[in-house]
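Below, each chain spelled out in residue letters.
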Amino acid sequence: MTAWLMKSEPDVYGLSDLKRDQTTPWEGVRNYQARNFLRDDAQVGDLVLFYHSNAEPSGVAGLARVARAAYPDPTQFDPKSDYADPTSPPDAPRWVTVDLAFVEAWRAPVTLAQLKADSALESMEVTRRGSRLSVHPVSQVHFDRVVALGRANGVL
DNA sequence: GCCAACGTTGGC
DNA sequence: GCCAACGTTGGC
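Every value quoted in this text rests on a predicted model; they were computed, and no experiment measured them. (Residues numbered from 1 in each chain as written. Chains lettered and ligands numbered in written order. Predicted model: local features only at pLDDT ≥ 70, side-chain atom pairs only at ≥ 80, totals over all residues. Heavy atoms only, no water.)

Novice: What should I look at first to understand the sheet that holds strand S2 (residues 23-25) in this one?
Specialist: What links the strands of a sheet is backbone hydrogen bonding, and the strands pair in either a parallel or an antiparallel sense. Strands sit in the order S2-S5-S4-S3-S1-S6 across an open sheet of 6 strands; the sheet is mixed. On the outer flanks of this sheet lie S2 and strand S6 (135-138), each paired with one strand and no other. This sheet shows a mean twist of 35 degrees between the axes of neighbouring strands, independent of strand direction. Relative to strand S4 (residues 59-72), strand S3 (residues 47-52) runs antiparallel, the two being bridged by 6 bridges. Opposite Val-48, over in S4, you have Ala-64 as the bridge partner. Across the sheet, helix H3 (residues 32-40) touches strand S1 (3-8), S4, strand S5 (96-111) and S6, and the angle it forms with S6 is around 60 degrees. Strands in contact with helix H5 (residues 140-152) are S1, S3, S4, S5 and S6; relative to S5, the strand with the most contacts, it is inclined by about 50 degrees. (Pairing = 2+ DSSP bridges. Helix = DSSP H or I, 4+ residues; strand = E, 2+ residues; numbered from the N terminus. Axes fitted to C-alpha atoms, helices over the stretch in contact; angles between N-to-C directions. Contact = heavy atoms within 4.5 Å.)

Novice: Would you take a moment to explain the protein's contact with DNA strand C for this structure?
Specialist: Around DNA strand C, the structure places Asn-31, Tyr-32, Arg-128, Arg-129, Gly-130 and Arg-132. Backbone sugar and phosphate groups make up 79% of those atoms of DNA strand C lying within 4 Å of the protein. At a separation of 2.8 Å, a phosphate oxygen of DNA strand C approaches a polar side-chain atom of Arg-129. At 2.4 Å, a side-chain N or O of Arg-132 approaches a base oxygen of DNA strand C. Its residues assigned to classes, the surface near DNA strand C shows 1 nonpolar, 2 polar and 3 charged. (Near = heavy atom within 4 Å. Polar contact = N/O pair within 3.5 Å; in protein donor to acceptor, adjacent residues only side chain to side chain. Nonpolar A, V, L, I, M, F, W, Y, C, P; charged D, E, K, R; others polar.)

Novice: Any chance you could explain the packing of aromatic side chains here in plain terms?
Specialist: Two aromatic rings, taken as a pair, are described by how far apart their centres are and by the angle between their planes. Enumeration over the complete set of coordinates arrives at 3 aromatic pairs. Ring plane angle 70 degrees and centroid distance 5.9 Å describe the contact between Trp-4 and Phe-37, whose orientation is recorded as edge-to-face. Pair noted here: Trp-4 is in strand S1 and Phe-37 is in helix H3, with a separation of 33 residues, a long-range link. With relative accessibility at 0%, the residue Trp-4 sits in the buried group. (Phe/Tyr/Trp six-rings, centres within 6.5 Å; stacked < 30°, edge-to-face > 60°. Buried < 20%, exposed > 50% of the residue type's maximum accessible area, 1.4 Å probe, protein only.)

Novice: Even after reading the chapter, I still don't get the protein's contact with DNA strand B, so can you show me in this structure?
Specialist: The environment of DNA strand B is made up of Lys-7, Tyr-51, Ser-53, Asn-54, Ser-58, Leu-112, Lys-116, Ser-131 and Arg-132. Within 4 Å of the protein, the atoms of DNA strand B are drawn from sugar and phosphate moieties in a proportion of 67%. Taking Lys-7, its side chain carries an N or O atom lying 3.2 Å from a phosphate oxygen of DNA strand B. Backbone polar atom of Asn-54 to a phosphate oxygen of DNA strand B: 3.0 Å apart, as the coordinates give it. A breakdown of the residues in the surface near DNA strand B according to their chemical character gives 2 nonpolar, 4 polar and 3 charged.

Novice: For this particular structure, what's the right way to read unusual backbone geometry?
Specialist: Between Glu-56 and Pro-57 the backbone carries a cis peptide bond, its omega angle lying at 0 degrees. Here Pro-57 is to be found in the loop between S3 and S4. With a phi close to 70 degrees, Gln-22 is a non-glycine residue in the positive phi region. If you trace the backbone, Gln-22 turns up in the loop between helix H2 (15-21) and S2. Located in the positive-phi region is Asn-54, a residue other than glycine, with phi close to 50 degrees. Structurally, the position occupied by Asn-54 is in the loop between S3 and S4.

And the structure:
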């Protein structure tokens, strides 16, 4: 089991959208490192810190769970999609997606400022300057700490 | 294989 | 809106 952090812009697709939909394909990952994590390491049941980027404020909004392991991302073959990749070979699709399921939302996010200020989270990837990997593993210790901070804000 | 140009991410 | 960080592309 691996714990994860995945970023999304709430204006595009936020945790409240996932709560409404209950499950969603995590489409549009177009970074090789992030893809490799999804393809090679994400397993059904893995828990995910759902991070809102470009938000006011940015931070971890709650939890999701991997509901389906990696499969080819259909949007790469959809010419009308923003995520279309005409160079991806149909017989060996370049990009994958996983399905996420809603788990819980917090009354207020654990903000990036809060994450940076917490000495227990010093080495956490998302607190690093210039960090922009949208899918990456999180240590169990960091995961548990962020969940404790989030739940302290109240579970919706 | 190097590296400059360019595009994207995402905090502020 | 600005810009730092960093990934990708393409000329050589």
